[in-house]
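# Structure assessment
Each chain, letter by letter, is given below.
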Amino acid sequence: MKVDHTLPLEYSTKQNDLNIFGFWVFLAAEIMLFATLFTSYFTLEHRTGTGPSGAEIFELTPVLIETFILLTSSFTIGLGVHAMRIGRKKAMMSFFMITLLLGLAFLGFEIDEFITYIHEGATLQTSAFTAILMTTLGTHGGHVTFGLFWGIAILLQVRKRGLTPETANKSFIFSLYWHFLDVVWIFIFSFIYLKGML
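Residues numbered from 1 in each chain as written. Predicted model: local features only at pLDDT ≥ 70, side-chain atom pairs only at ≥ 80, totals over all residues. Heavy atoms only, no water.

It is worth spelling out the packing of aromatic side chains at this point. Counted under the stated rule, the structure contains 20 aromatic pairs. Here the aromatic rings of Tyr-41 and Phe-42 are separated by 6.0 Å at their centres, their planes lie at 75°, and the arrangement is edge-to-face. On the basis of relative accessibility, which here comes to 1%, the residue Tyr-41 falls in the buried class. Ring pairs connect the aromatic residues Phe-38, Tyr-41, Phe-42, Phe-58, Phe-106, Tyr-117, Phe-129, Trp-185, Phe-187, Phe-191 and Tyr-193, which therefore count as one cluster. (Phe/Tyr/Trp six-rings, centres within 6.5 Å; stacked < 30°, edge-to-face > 60°. Buried < 20%, exposed > 50% of the residue type's maximum accessible area, 1.4 Å probe, protein only.)

So, in structure tokens, the structure goes:
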């Protein structure tokens, strides 16, 4: 396997380059998934039936906290990738661990939010609005949960094998996935929560 030392470690082999390209193709499919969910949400957001509307159940403070946590995790994973590129394994692992802890904190807030909604009568069965709301938020939360397990697997590999072209490539691809989840959350925050509170 020919390694090009003039490139960042994650791009340093032809296979690594292809892996990153392939992951961008995968993210395009993920964009279509969330685009479908958002389209469905905009179609059904006013179909509340006898259930609550967004304005009745959305609370700004928890959502702002969730947003701050997730945006901070995007920053820390960026620091982790930078540390990886300059060969600082311990710093890279530390920043990735902080990212995963922030992701776990985000999930804790989201689970608490779901429990609150259920107590307020907003379940999958309540109305078309609550069904698509729970589906959209749940899909994003499911992706974050998957990301936590994936991130742990990455850390275990880096710990065992060190920073190699292969582990750097996997770590970088994971960082792309995490940034993608943050971008999706910005859309959720802006077009579901903020719009729904008006």
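Moving on, we come to helix 4 (residues 89–119). A turn of α-helix holds 3.6 residues, and therefore any two residues three or four places apart point the same way. Taking 1.5 Å per residue as the helical rise, helix 4 with its 31 residues ought to reach 45 Å, and the 45 Å between its terminal C-alpha atoms agrees with that figure. Downstream of helix 4 by one or two residues, Gly-121 has phi in the positive range, about 85°. (Helix = DSSP H or I, 4+ residues; strand = E, 2+ residues; numbered from the N terminus. Expected span 1.5 Å × (residues − 1).)

Let's shift gears to the packing of helix 3 (residues 60–85) against helix 4. Axis separation between helix 3 and helix 4 bottoms out at 8 Å; the angle between their running directions is 165°. Classified by the angle between their axes, helix 3 and helix 4 sit roughly antiparallel to one another. The hand of the helix 3/helix 4 crossing is left-handed. (Axes fitted to C-alpha atoms, helices over the stretch in contact; angles between N-to-C directions. Parallel < 35°, antiparallel > 145°, perpendicular 65-115°, else oblique. Left-handed = near helix turned anticlockwise from the far one by under 90°.)

With respect to the helices, strands and loops of the structure, Ala-168 is situated in helix 6 (residues 165–197). Residues Ala-168 and Val-158 lie ten residues apart in sequence; the distance between their C-alpha atoms is 8.2 Å.

Here the focus is the environment of Lys-195. Residue placement: Lys-195 occurs in helix 6. For Lys-195, a relative accessible area of 36% puts it in the partly exposed group. Between the C-alpha atoms of Lys-195 and Ala-55, which are 140 residues apart in sequence, the distance is 8.9 Å. With residues near it in sequence (within four places) discarded, Lys-195 still touches Glu-45 and Ser-190. (Contact = heavy atoms within 4.5 Å.)

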